[in-house]
Amino acid sequence: MPLFEGLGSGGEKTAVVIDLGAAYTKCGFAGETGPRFIIPSEIKHAGSPEAVRVVQYNINTEELYSILKEFVHLLYFRHLLVNPRDRRVVIVESVLCPSHFRETLSRVFFKHFEVPSVLFAPNHLMSVMTLGIQSALVMDCGYTETLVLPESFESIPILSAWEALPMGGKAIHKELHSLLSEQCTLDTDSGPGLSLPTVISAIPEDVVEDIKVRTCFVSDLQRGMKIQEAKFNLDGSAERPAPPPDVEYPLDGRKILHIKGSIRDSVAEMLFEQDNEEKSIATLLLDTLVKCPIDTRKVLSENLVIIGGTSMLPGFLHRLLSEIRSLVEKPKYRDALATKSFRIHSPPAKPNCTAWLGGAIFGALQDILGSRSVSRDYYNQTGRIPDWCCLSTPLPDSVYEAGKTPPPLMKRAFSTEK
Amino acid sequence: MATLLQPEKVLYLVRGEKKIRVPLSQLYFCRYCSELRSLECVSHEVDSHFCPSCLENMPSAEAKLKKNRCANCFDCPCCMHTLSTRATNIPAPLPDDPTKTTMKKAYYLACGFCRWTSRDVGMADKSVASGGWQEPENPHTQRINKLIEYYQQLAQREKLERDRKKLARRRPFMPQAFSQHTIHVVEKYGLGTRLQRQRSGAPISALYGLSLKEGEDQKEITIESAQALDEVEPLPEDYYTRPVNLPEVTTLRQRLLQPDFQPAGASQLHPRHKHLLMKRSLRCRKCEHNLSKPEFNPTSIKFKIQLVAVSYIPEVRIMSIPNLRHLKESQVLLTLTNPVENITHVSLYTCEEGDPDDINSTAKVLVPSKELVLAGKDAAAEYDELAEPQGFQDDPDVVAFRKSNKIGFFIKVIPQREEGDVTVAFKLRHDFRNLAAPIRPTEEGEATSEAIWLTHHVELSLGPLAT
């Protein structure tokens, strides 16, 4: 059957599925088991050495429009190698994506590339689709932030129970960079043991990311607690556990950076350190559970799904589970939450592609993809994309004839007319 | 001097959705709309696929099947260079006589840049030079396919439900017996419209027993929901004490090249087939005619259709700039080249006050008021050493020199600002004979078609003021 996917069955071509993340973009075709490409969400211009980030929310519309146009052009003509005009588009995005960004993105797709239709799918919902279950508590640990959103009872998101923290890859990179600048030394041609700021002003972020990916990890609960105690301890009595071995990291081929072992395991602790509001990634999950209706809590706590690139750090999942289990005993949650059992799913894809896979599965359902997408005609008529937070959008005529008919069986959550 | 020939010095204005100023060499000219087009205001289409290393053309159906990857060429997973197949001789026992050994050829892949070989990841040497290497398959493929089938079934149900509702509404207008839908229902259940009337309010669970088609092979597909795990594997104990061997750990970029596996260890990095490139054809958005269509053959750089602006619009180039001083009039020498084969008449106009296109100019310009005549381009002229005088009467104040299809002329520039670069703008008006327009059958004797006059806005950047 996979052989004849695009060739028979009604002749409609497979849709294009794009997951535009802040750090990486996953793109590919519907019905496939993995994205074709995972590329950094940035554009390199010939003149400047710095790449321009694509997902920026604070720049003006014109600039955002031209950056998005260039990026989507690269996606289609260098990576996907298809005509934009022939295929529907599924965009997997975060629920918290600003409307301005969505509108500009849809303008790029409809006006410039003239795609037939666009569907904006929330990434939490899409990850649940990869499992074949009806309810789950989804946590997305990405680059800019960590966002928790529960889905229950045939995958309706409980929007009032969302929780987020700006703890993600970006925060880790910043922390790692400052630790490296303070504590590590560099060997160059001019001599060994030089401190970092004297040689280079700043390590580029992709080098920091590479250091994080290759050398850092998340310790388990006991070790992590001891490291945190040693860090915050004022009288110096707490002992830090023995650090892992140092790493010699080559930079640019002429310099060697000596990374202290203590940095390797302590940089990920910031995800689990409770800040002044006593929030950490683990408390996000518990806070969400507290906000959810009581009857859903047991189901949700036994169906945890963790997606996002930051969750691929070695030891992350184990630590997260242990943290949740230890936090649930604390007085704040012990009385509020009756459920004490937590179970975690392993989706059939890597955590950074899970949301994309859900979008690809949904994009393969050609029967309803058309009815749930925003078509080019609708966009040309109204000039806007319907948004889940906007009540003034007129309903498209194609889906619901009368208000009396009950909504369809599946996925009533995110249909375009909210 | 060569800096004056840089294309960014002379910009033509394109009036598309946005006004863009681009050098003429980067523009296209739509003969049917008689307008300049830039890359932003044309629609791009994928024309053909080819492999960048073996330069083999791939038809689009095959490209879709192979997921846009070449069948023969591989990429090194470490450095993304193209892998080459190397052969060694290994002793192997003869099939007839196990005691004797003969030399057999064994092939392996190797990278010429980073010295990676297929033996590093444990891939066995193959006995055929090409076609023996397989990419590993994603272990989750089956589960994902089952999930897709299951959801497709749900989707079909939803569509059926929706269509039924649509038809149910139109009930008063259509005779019941001829509704395709009711025939289906009647055949299955022996009931008539009563069932439909009841059904529209009935709970959705009533649909579960319904099979989708008449055929018996359609059975209900159910899947087991995924099982959640109670425990996750912790990091191994020696992780905290084991020194990191950096070359063994894959970088993020290497991992992301294989999205299905993303291995952390370099010993699991398998090579992938090389990704194809494509040739692009451009189409005018208004009249849907092709502006650029490349040749099918990947090794050919020619075009089947090439409607570039340099072959239709006269090109202005800067030849020499004197010292420019604030509020002093200086003469700048420009050249004008005629790309077409017939005589072209060009006239230049200064931009009027308050011209919306004229936003960048920082100097006043005085252009020649007389019409300039350009001779047609003669392909054989370069071989003809004795160029005959062309018999044009040129005003020596305006025209500096004339050579086959090119003339040099003077413009007077008066910089208005004390600092910054001097930019001038003027309008170029020329006649264009549209040879693409169909010749009417009644007037056979007329070889020349109607000339239309086109006006372009040209901007020149003449550099900084002389200090």
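The residue count restarts for each chain, going from 1 along the sequence in the order it is written. Each chain takes a letter, starting from A, and each ligand takes a number, starting from 1, following the order in which they are written. Residues qualify for local features only when their pLDDT is at least 70, as the model is predicted, and side-chain atom pairs are given and counted only at 80 or more; totals for whole chains, interfaces and linings, by contrast, use all residues. Hydrogens are left out, water is left out, and the side-chain values use all remaining heavy atoms of the structure.

Novice: Explain the overall build of chain B to me, using residue names and the numbers behind them.
Specialist: Helical segments are the DSSP runs of H or I of at least four residues, strand segments are the runs of E of at least two, and each set is numbered from the N terminus. Helices and strands together make up the secondary structure of chain B, namely five helices and 22 strands. Looking at chain B as a whole, 39% of its 467 residues qualify as buried. Look at the contacts in chain B between residues 6 or more apart in sequence, and 65% of them connect residues 24 or more apart. Categorising residues by exposure relies on relative accessible area from a 1.4 Å probe, with only protein chains included: less than 20% of the type maximum marks a residue as buried, more than 50% marks it as exposed, and the intermediate range marks it as partly exposed. Should any heavy atoms of two residues lie within 4.5 Å, those residues are considered in contact.

Novice: Tell me what's going on with the overall build of chain A, and back it up with residues and numbers.
Specialist: On a plain count of helices and strands, chain A comes out with 15 helices and 17 strands. Looking at the 418 residues of chain A, the share that counts as buried comes to 58%. To be clear on the numbers: accessible area is Shrake-Rupley with a 1.4 Å probe, and residue cover counts the displayed protein chains and nothing else. Accessible area of chain A: about 17000 Å², with a carbon and sulfur share of 54%.

Novice: Now, about the state of the cysteines: what can you tell me, with residues and values included?
Specialist: Residues and elements named next belong to chain B. In this description, a disulfide is simply a cysteine sulfur pair whose atoms lie within 2.5 Å. According to the stated counting rule, one finds zero disulfides over all chains in the structure shown. Here Cys111 is not disulfide-linked; the sulfur of Cys79 is the nearest cysteine sulfur, at 3.3 Å. The buried category is assigned to Cys111, whose relative accessible area is 2%.

Novice: Lay out the sheet that holds strand β16 (residues 344-350) of chain B in plain terms, naming residues and giving numbers.
Specialist: Residues and elements named next belong to chain B. Only strands that DSSP links by at least two bridges are regarded as paired with each other. Overall, antiparallel pairing links the six strands, which are arranged β2-β1-β22-β21-β16-β18 in an open sheet. Two strands lie at the open edges of the sheet, namely β2 (19-22) and β18 (372-374), each paired on one side alone. Put simply, the sheet's adjacent strands are angled 30 degrees from each other on average, direction ignored. Pairing geometry for strand β21 (residues 421-433) and strand β22 (residues 451-464), over 13 bridges, is antiparallel. When the sheet's bridge partners are listed, Asp421 is paired in β22 with Pro464. Each axis is a line fitted through C-alpha atoms, and for a helix only the stretch in contact is used; angles between axes span 0 to 180 degrees, taken between their N-to-C directions.

Novice: Explain the confidence of the model for chain B to me, using residue names and the numbers behind them.
Specialist: A residue's pLDDT is simply how confident the predictor is in it, with values from 0 to 100. Looking at chain B, pLDDT values average 81 and 83% of them are 70 or higher. Scored below 50 in pLDDT, residues 190-217 of chain B shows 35 contacts in the model against residues more than four places distant or in partner chains.

Novice: Report on the packing of aromatic side chains, specifying residues and quantitative values.
Specialist: Residue and element names in this part refer to chain A. Pairing of aromatic side chains requires ring centres within 6.5 Å, counting the rings of Phe and Tyr and the six-membered ring of Trp. Pairs whose planes differ by under 30 degrees are stacked, by over 60 edge-to-face, and all others tilted. Scanning all chains against the criterion turns up 11 aromatic pairs over all chains. Between Tyr76 and Phe109, the ring centres sit 6.5 Å apart and the planes meet at 75 degrees, which makes this aromatic pair edge-to-face. On the criterion of sequence distance, the pair formed by Tyr76 in helix α1 (residues 61-80) and Phe109 in helix α2 (residues 99-112) is long-range, its members being 33 residues apart. For the pair Tyr76 and Phe109, one class covers both residues: buried.

Novice: Go over unusual backbone geometry, please, and point to the residues and values.
Specialist: All names here are of chain B. Here the phi dihedral of Asn68 falls at roughly 55 degrees; this positive angle occurs in a residue that is not glycine. Along the polypeptide, Asn68 turns up in the loop between α1 (60-65) and β7 (69-75). Of note, the phi angle at Glu288 is positive, near 60 degrees, even though the residue is not glycine. Classification of Glu288 as partly exposed rests on a relative accessible area of 38%.

Novice: Tell me about the nonpolar core, and name the residues and values.
Specialist: By size, the foremost hydrophobic cluster in this structure holds 55 residues, and its most contacted members are A:Leu180, A:Leu257, A:Leu286, A:Phe316 and A:Leu320. Listed by contribution, the elements that provide at least two residues to this core are β8 (136-141), α4 (169-183), α6 (205-215), β14 (247-251), β15 (255-259), α9 (281-291), β16 (304-307) and α11 (316-327) of chain A. It is α9(A) that provides the largest number of residues to this core, a total of six residues. Those residues in contact with A:Leu286, other than ones at most four positions away along the chain, are A:Ile324, A:Leu327, A:Val328, A:Tyr333, A:Leu337 and A:Phe342. Buried residues of nine kinds, namely Ala, Val, Leu, Ile, Met, Phe, Trp, Tyr and Cys, make up a nonpolar core once their side-chain atoms join them within 4.5 Å. Judged by nonpolar contacts, the second largest core, of 50 residues, contains B:Cys284, B:Ala309, B:Leu428 and B:Leu454.

Novice: Explain the sheet that holds strand β2 (residues 24-29) of chain A to me, using residue names and the numbers behind them.
Specialist: Residues and elements named next belong to chain A. Pairing is mixed across the open sheet formed by six strands, whose spatial order is β3-β2-β1-β6-β7-β17. Two strands in the sheet have a free side with no partner beyond their single neighbour: β3 (37-40) and β17 (374-375). Here strand β7 (residues 117-122) pairs with β17 via two bridges, running antiparallel. Following the sheet pairing, Val118 is matched in β17 by Val374. Of the strands in this sheet, β1 (16-20), β2, β3 and β6 (89-93) are in contact with α1, which crosses β2 at around 45 degrees.

Novice: Can you lay out α9(A) for me, pointing to particular residues and giving the numbers?
Specialist: Counting buried residues in α9(A) gives nine out of 11 residues, a clear majority hidden from the surface. Every buried residue of α9(A) is listed here: A:Ile281, A:Ala282, A:Thr283, A:Leu284, A:Leu285, A:Leu286, A:Asp287, A:Thr288 and A:Leu289.

Novice: Go over the confidence of the model for chain A with me, naming the residues and quoting the values.
Specialist: Caution applies to low-pLDDT parts of the model: their predicted coordinates are not meant to be read in detail. Model confidence for chain A is summarised by a mean pLDDT of 84, while 90% of its residues fall at 70 or above. A low-confidence stretch, residues 1-10 of chain A stays under pLDDT 50, and its non-local contacts, those more than four residues away or across chains, total nine contacts.

Novice: Kindly report on the interface of chain A and chain B, identifying the contributing residues and their values.
Specialist: With 89 residues of chain A at the contact, the number on the chain B side is 71 residues. Here, a salt bridge means any Lys or Arg side-chain nitrogen found within 4 Å of an Asp or Glu carboxyl oxygen. The tally of links from chain A across to chain B stands at seven salt bridges. B:Glu288 is the salt-bridge partner of A:Arg85, the closest N and O atoms lying 3.7 Å from each other. Polar contact is the term for a pair of N or O atoms within 3.5 Å; when the atoms are in protein, one must be able to donate a hydrogen and the other to accept it, and sequence-neighboring residues count only if both atoms are side-chain atoms. The interface formed by chain A and chain B includes 23 residue pairs in polar contact (both at pLDDT 80 or more). Gly falls in the polar group here, along with every residue not listed as nonpolar (Ala, Val, Leu, Ile, Met, Phe, Trp, Tyr, Cys, Pro) or charged (Asp, Glu, Lys, Arg). Of the residues belonging to the side of chain A that touches chain B, the class tally is 44 nonpolar, 21 polar and 24 charged.

Novice: Break down the pattern of salt bridges for me, with residues and values.
Specialist: One pass over the full model with this rule turns up 38 salt bridges over all chains. Linking B:Arg242 and B:Asp238 is a salt bridge whose minimum nitrogen-to-oxygen distance equals 3.8 Å. Note on B:Arg242: relative accessible area 39%, which makes it partly exposed. Among the charged side chains, a salt-bridge network with shared partners connects A:Arg85, A:Glu114, B:Arg285 and B:Glu288.

Novice: Help me get a handle on the pairing of strand β5 (residues 42-50) of chain B, residues and values and all.
Specialist: All names here are of chain B. With eight of nine residues buried, β5 lies mostly within the body of the structure. For β5 and strand β6 (residues 57-58), the ladder comprises two bridges, and the chain directions are antiparallel. Its bridge partner lying in β6, His49 is registered against Met58. Hairpin connection of β5 to β6: six residues between the antiparallel strands, including Leu55 at a positive phi of 50 degrees.

Novice: Describe the packing of α1(A) against α2(A), listing the residues and the values that go with them.
Specialist: Residues and elements named next belong to chain A. Following both chains from N to C, one finds α1 and α2 inclined at 55 degrees, their axes separated by 9 Å at the closest point. Comparing the axis directions of α1 and α2 gives the class oblique. Crossing handedness for the pair α1 and α2: right-handed. Contact residues: Thr61, Leu64, Tyr65, Leu68, Lys69, Val72 and Tyr76 in α1; His100, Phe101, Thr104, Leu105, Arg107, Val108, Phe109, Lys111 and His112 in α2. Should an angle fall under 35 degrees it is called roughly parallel, over 145 degrees roughly antiparallel, and 65 to 115 degrees roughly perpendicular, with every other angle called oblique. Take the far helix as your reference; a near helix turned counterclockwise from it by less than a right angle gives a left-handed crossing, and one turned clockwise gives a right-handed crossing.

Novice: Quick rundown of the environment of B:Asp97? Include the residues and the values.
Specialist: Note on placement: B:Asp97 falls in the loop between β8 (83-93) and β9 (101-111). Along the chain, B:Asp97 and B:Val399 lie 302 residues apart, while their C-alpha atoms are 92 Å from each other.

Novice: Before we move on, could you go through the environment of A:Pro351 and cite the residues and values that matter?
Specialist: All names here are of chain A. On the secondary structure map, Pro351 appears in the loop between α12 (331-334) and α13 (354-363). On the basis of relative accessible area, Pro351 is assigned to the partly exposed category, the value being 23%. It is 24 Å that separates the C-alpha atoms of Pro351 and Val118, two residues lying 233 residues apart in sequence. In contact with Pro351, not counting residues within four places along its chain, are Ile306, Ile307, Gly308, Ser311 and Met312.

Novice: Tell me about α4(A), and please be specific about residues and values.
Specialist: Expected span of a helix: the number of residues minus one, times 1.5 Å. In this model, α4(A) (15 residues) spans 21 Å end to end at C-alpha, consistent with the 21 Å of a helix rising 1.5 Å per residue. Inspection of α4(A) places A:Gly169, A:Ala171, A:Ile172, A:His173, A:Leu176, A:Leu179 and A:Leu180 among the buried residues, and these make up the whole buried set.

Novice: Summarise the packing of α4(A) against α6(A); cite the residues concerned and give the values.
Specialist: All names here are of chain A. One can describe the packing of α4 onto α6 by two numbers: an axis separation of 10 Å at closest approach and a directional angle of 95 degrees. With respect to α6, the element α4 is oriented roughly perpendicular. Judged by residue contacts, Gly169, Ile172, His173, Leu176, His177 and Leu180 of α4 engage Glu205, Val208, Glu209, Ile211 and Lys212 from α6. Class assignment of the residues belonging to the contact of α4 with α6 gives a composition of five nonpolar, three polar and three charged.

Novice: Which residues make up the side chain of A:Glu114, and what values go with them?
Specialist: For A:Glu114, the location among the structural elements is in the loop between α2 and β7. Judged by its relative accessible area of 18%, A:Glu114 falls in the buried class. Not counting the four nearest positions on each side in its chain, A:Glu114 is found in contact with A:Pro84, A:Arg85, A:Phe109, A:Arg376 and B:Arg285.

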